[in-house]
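Here are the chains, one letter per residue:
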Amino acid sequence: MKYRLPVVSGSFYPEEPDELKATLASLFAGTKAETAAEAPKALIVPHAGYCYSGEIAAAGYASLRGPEMGGIERVLLLGPSHRVGFEGCAISSHQFFSTPLGDIGVDRQACQQLLEAGLVGVLDQAHQWEHSLEVQLPFLQYLLADFQIVPLVVGHCRPEIIAGILDIFAADAGTRFIISSDLSHYHSDAEARRLDGESIAKILALKPSLQPQDACGCYGINGLLSFCRRHHNKMTLIKSGNSGDVSRDKTRVVGYASFAMV
């Protein structure tokens with residue numbers, strides 16, 4: 001149980017390291033060249049297969065590029081649980097999370113801090129088959145030289161719990177927050193754009209009222225929005241779309257969007 005091994009390499013993203021690097025390079029090459037003076041503290045990014053949501057995720061991650069990128073030493077990853085139902089947030093007992101690009105250390109001290117604060121529990125089953133965190137890791141490995149993660153699978157959870165987790169690390173300049181979420185699922189293109197437009201408006205207005213049918217990562221998003229309201233931050237939309245933009249099947253799509261907290 002020392003290593004959490006990848007379970008969606010070869011399906012959601014390439015399993016061969018050189019091919020994965022080339023895929024990431026291509027995704028980032030399509031993003032805007034300009035960089036922000038200050039890397040955002042938090043991002044919301046999608047977690048589908050790279051062929052579907054990779055461009056939108058890369059557009060979000062590209063905002064981390066800039067003078068501060070080298071100072072990012074820890075990333076809190078919060079993604080929804082697709083397979084295991086539970087209340088609250090779950091860390092794991094793993095010491096490393098692995099991808100084809102190598103192993104990423106888990107910040108065990110930070111995990112213990114969250115445990116002692118009563119904000120999380122340990123549930124390895126929630127992490128074993130979960131892709132919402134795994135697909136984010138190669139993006140981070142491509143951008144950052146040396147960092148640790150605090151991987152959190154989010155079950156049914158009140159926004160105050162998520163906001164409390166983020167509060168603990170808010171003042172640390174070397175920490176960033178990544179909220180993993182897709183938007184609506186399996187509607188027509190027209191209906192998805194209407195529904196996702198409503199969800200995007202709620203996120204930009206900092207309304208922590210998203211439901212599972214709006215976004216699979218709604219609990220993490222709602223917690224981040226509560227954090228924003230508490231700390232007087234804003235959310236900005238970076239890029240949005242849906243799977244039909246790639247597959248050309250407009251009958252049953254999944255929505256995606258990337259946001260930055262400023």
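Residues numbered from 1 in each chain as written. Predicted model: local features only at pLDDT ≥ 70, side-chain atom pairs only at ≥ 80, totals over all residues. Heavy atoms only, no water.

A tally of helices and strands in the protein chain yields ten helices and twelve strands. Over its C-alpha atoms the protein chain spans a radius of gyration of 17 Å, differing by no more than 12% from the 18 Å that the globule rule assigns to 262 residues. For the protein chain, the C-alpha atoms occupy an extent of roughly 45 × 40 × 40 Å along the three principal directions. Residues counted as buried form 55% of the 262 residues belonging to the protein chain. Summarising the internal contacts of the protein chain: among those between residues at least 6 apart in sequence, 79% fall at separations of at least 24. Accessible area of the protein chain: about 11200 Å², with a carbon and sulfur share of 50%. With 22 positive and 28 negative side-chain charges, the protein chain shows a separation of 5 Å between the mean positions of the two kinds. (Helix = DSSP H or I, 4+ residues; strand = E, 2+ residues; numbered from the N terminus. Rg over C-alpha atoms; globule rule 2.2 N^0.38 Å. Buried < 20%, exposed > 50% of the residue type's maximum accessible area, 1.4 Å probe, protein only. Contact = heavy atoms within 4.5 Å. Areas by Shrake-Rupley, 256 points an atom, 1.4 Å probe, with all protein chains shown as cover. Lys, Arg positive; Asp, Glu negative; His and termini not counted. Charge placed at Lys NZ, Arg CZ, Asp CG, Glu CD.)

The next thing to look at is the packing of helix α3 (residues 108-116) against helix α7 (residues 159-169). Remark: α3 packs on α7, axes separated minimally by 11 Å, with the N-to-C direction vectors making an angle of 130°. When the axes of α3 and α7 are compared, the pair comes out oblique. You can see that α3 and α7 cross each other, and the crossing is right-handed. Where α3 abuts α7, its residues A110, Q113 and L114 lie against I165, I168 and F169. Here the residues of the contact of α3 with α7 sort into five nonpolar, one polar and no charged. (Axes fitted to C-alpha atoms, helices over the stretch in contact; angles between N-to-C directions. Parallel < 35°, antiparallel > 145°, perpendicular 65-115°, else oblique. Left-handed = near helix turned anticlockwise from the far one by under 90°. Nonpolar A, V, L, I, M, F, W, Y, C, P; charged D, E, K, R; others polar.)

Now for helix α1 (residues 17-29). For α1, spanning 13 residues, the distance from its first C-alpha to its last is 18 Å, which sits close to the expected 18 Å at 1.5 Å a residue. Among the residues of α1, those classed as buried are L20, L24, L27 and F28. The buried residues of α1 occupy one face: seen down the axis, they fall within an arc of 95°. When the buried face of α1 is taken as reference, the exposed residues oriented beyond 90 degrees from it are D18, S26 and A29. (Expected span 1.5 Å × (residues − 1). Arc of directions from axis to C-beta.)

What follows is about the nonpolar core. Core analysis: the largest hydrophobic core is formed by 75 residues, its most contacted members being Y61, L224 and M235. When sequence neighbours within four positions are dropped, the list of residues in contact with M235 reads I44, I203, L204, L206, L224, L225, C228, F259, A260 and M261. (Core = buried A, V, L, I, M, F, W, Y, C linked by side-chain atoms within 4.5 Å.)

Quick look at unusual backbone geometry now. Comment: phi is negative for the bulk of residues other than glycine, and the bulk of peptide bonds are trans. One non-glycine residue, L206, lies in the positive phi region at around 60°. Within the secondary structure, L206 is located in the loop between α8 (189-204) and α9 (218-231). By relative accessible area, which is 12% here, L206 ends up buried. Of note, H232 is a non-glycine position whose phi angle comes to about 60°, a positive value. The topology assignment puts H232 in the loop between α9 and β11 (235-242). On the basis of relative accessibility, which here comes to 73%, the residue H232 falls in the exposed class.

So, about the packing of α1 against helix α2 (residues 50-61). At a minimum axis separation of 8 Å, α1 and α2 run at an interaxial angle of 60°. Considering the angle they form, α1 stands oblique to α2. The two elements α1 and α2 cross, and the hand of that crossing is right-handed. Residues L20, T23, L24, L27 and F28 of α1 lie in contact with α2, whose contacting residues are Y50, G54, E55, A58 and Y61.

This next bit is on the packing of aromatic side chains. Summed over all chains, the structure comprises seven aromatic pairs. When the centroid spacing of 5.3 Å and the interplanar angle of 5° are considered together, the rings of F28 and Y142 count as stacked. Taken together, the residues F28 in helix α1 and Y142 in helix α6 (residues 137-143) connect sequence positions 114 residues apart. Here the aromatic cluster, defined as three or more aromatic residues joined through ring pairs, consists of Y13, F28, Y50, Y61, F139 and Y142. Cation over ring: K41 sits above F177, and NZ or CZ is 5.5 Å from the ring centre. We note R252 situated over the ring of Y186; from NZ or CZ to the ring centre the distance is 4.3 Å. (Phe/Tyr/Trp six-rings, centres within 6.5 Å; stacked < 30°, edge-to-face > 60°. Lys NZ or Arg CZ within 6 Å of the ring centre and 35° of its normal.)

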